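Residues per chain are reported as follows:
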Amino acid sequence: MDAAHTLDFPRLLEAAEAAARATAGQGRVADYIPALAEADPESFGMAVATVDGELYGVGDWRRPFSVQSISKLFTLALALSHGGDELWRGVGREPSGNPFNSLVQLESEHGIPRNPFINAGALVVTDRLLSLTGDAAGAVREFLRRESGNDQLDTDAAVAASEAAHGHRNAALAHFIASHDNLRNPVEDVLEHYYAHCAIATSCRDLVLAGSFLARYGVRTDGSRLMTRSEAKRVNSVLLTCGTYDAAGEFAYRVGLPGKSGVGGGILAIIPGRAAVCAWGPRLDRAGNSVAAVAALDSLTTLSGYSVF
Ligand code: GLU
């Protein structure tokens, strides 16, 4: 494999954009959160941040979009960095084989969600981060601002309000988890912080910088360590097996990288030891992954030969 700096990233990004544009018209913009339906379906952006500090982008790579479930990568990393392995007593790390907002499994598994990236698991992680920091959504915003250098980055209050107004499934999940004594904070507080971190507006540019600590095996952009190398390996492992909804097998097959998707249409993927990559296009496939972003990442790893395999 070539060293990251010998790759022609501008050319690779151009090819990835062409692959993404070829999917035009496929998939649907998420509308179960009404505010998300306002996204322009034809937008596309992609960015790469290498571990050496190089930054590349194409298309709408600086345009903010709703981070949604990509925030779950950061809540997990921050909860682990503050609280360590204790987290795993309340949430598992196996693929769920069910849709991200499913209630079914939670009943038979006594309120312990399968993994931190389905909504039920993310609610438990948000709860723990709230106990550890006093402000779970604030901790995520602060981390994203610091790593990206973008002080303007913030929660989109209209999206958060739209999520809360239509969040019956998330409220049901949270109450069910609480009925099994697996939340330490009031359900209302956990939901408020969960919606606030999902509704952060950010861009491919900001996300590759903020996610690059996983490409550097736990080291932040300022050189300080967020987590041990072993913890970073574990977060990447859970991303690979559980990060792209009920299609993580298909994503691993096509892209071959750990990654986290969100219903805002973004996917943040990690090339350990090399780079963080983020692609964004609002049209989603049936599992909830962006059609354009998967095609773009598929192109990038195929043409560059970069993957974890
Ligand atoms: N806030 C969204 C929800 O709770 C996140 C979904 C997602 O991006 O997977 O439904």
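Whatever comes next refers back to the structure up there.
Residues numbered from 1 in each chain as written. Predicted model: local features only at pLDDT ≥ 70, side-chain atom pairs only at ≥ 80, totals over all residues. Heavy atoms only, no water.

**Details of the overall build of the chain**
Reasoning step 1: Helix and strand counts for the chain come out as 12 helices and 10 strands.
Reasoning step 2: Over its C-alpha atoms the chain spans a radius of gyration of 18 Å, differing by no more than 12% from the 19 Å that the globule rule assigns to 309 residues.
Reasoning step 3: Within the chain, residue pairs in contact and separated by at least 24 positions form 69% of the contacts whose partners lie at least 6 positions apart.
Reasoning step 4: Split by element, the accessible area of the chain, about 12,100 Å² in all, is 49% carbon and sulfur.
Reasoning step 5: Computing the positive centroid from 27 side-chain charges and the negative centroid from 35, the chain places the two 4 Å apart. (Helix = DSSP H or I, 4+ residues; strand = E, 2+ residues; numbered from the N terminus. Rg over C-alpha atoms; globule rule 2.2 N^0.38 Å. Contact = heavy atoms within 4.5 Å. Areas by Shrake-Rupley, 256 points an atom, 1.4 Å probe, with all protein chains shown as cover. Lys, Arg positive; Asp, Glu negative; His and termini not counted. Charge placed at Lys NZ, Arg CZ, Asp CG, Glu CD.)

**Observations concerning the nonpolar core**
Most often, soluble globular proteins have nonpolar side chains that are buried together.
Reasoning step 1: By size, the foremost hydrophobic cluster in this structure holds 62 residues, and its most contacted members are Phe74, Leu123, Leu144, Leu207, Phe213, Leu214 and Leu268.
Reasoning step 2: Per element, the largest residue contribution to this core is 8 residues, and it comes from helix α9 (residues 204-215).
Reasoning step 3: Residue contacts for phenylalanine 213: discarding those within four places in its chain leaves Leu73, Phe74, Ala77, Phe143, Gly218, Val219, Arg220, Leu226 and Met227.
Reasoning step 4: Ala20, Val58, Ala293 and Ala296 belong to the second largest nonpolar core, which has 26 residues in total. (Core = buried A, V, L, I, M, F, W, Y, C linked by side-chain atoms within 4.5 Å. Buried < 20%, exposed > 50% of the residue type's maximum accessible area, 1.4 Å probe, protein only.)

**Some points on the environment of glycine 167**
Reasoning step 1: Within the secondary structure layout, glycine 167 lies in the loop between α6 (157-165) and α7 (168-179).
Reasoning step 2: When the C-alpha atoms of glycine 167 and tyrosine 32 are compared, they prove to be 9.3 Å apart, with 135 residues separating the residues in sequence.

**Thoughts on the site of the ligand**
Reasoning step 1: By nearness alone, 13 residues border the ligand, and Tyr32, Gln68, Ser69, Glu163 and Tyr245 come closest of all.
Reasoning step 2: Here tyrosine 245 contributes a side-chain N or O atom positioned 2.5 Å from an oxygen atom of the ligand.
Reasoning step 3: Within the complex, 99% of the 290 Å² of free accessible area of the ligand lies under protein.
Reasoning step 4: Here the residues of the shell around the ligand sort into 7 nonpolar, 5 polar and 1 charged. (Near = heavy atom within 4 Å. Polar contact = N/O pair within 3.5 Å; in protein donor to acceptor, adjacent residues only side chain to side chain. Nonpolar A, V, L, I, M, F, W, Y, C, P; charged D, E, K, R; others polar.)

**Quick look at the packing of helix α4 (residues 119-133) against helix α8 (residues 187-198)**
Reasoning step 1: With their axes 9 Å apart at the nearest point, α4 and α8 run at an angle of 105° to one another. With respect to their mutual orientation, α4 and α8 come out roughly perpendicular. Contact residues: α4 offers Asn119, Ala122, Leu123, Thr126, Asp127 and Leu130, while α8 offers Asp189, Val190, Leu191, His193, Tyr194 and His197.
Reasoning step 2: Of the residues belonging to the contact of α4 with α8, the class tally is 6 nonpolar, 4 polar and 2 charged. (Axes fitted to C-alpha atoms, helices over the stretch in contact; angles between N-to-C directions. Parallel < 35°, antiparallel > 145°, perpendicular 65-115°, else oblique.)

**Focus on the sheet that holds strand β5 (residues 154-155)**
Reasoning step 1: On the basis of which strands lie adjacent, the open sheet formed by 3 strands has the order β4-β6-β5 and antiparallel pairing. Each edge of the open sheet is held by one strand with a lone partner, namely β4 (65-66) and β5.
Reasoning step 2: As paired strands, β4 and strand β6 (residues 200-202) are joined by 2 bridges and run antiparallel to one another. Opposite serine 66, over in β6, you have alanine 201 as the bridge partner. (Pairing = 2+ DSSP bridges.)

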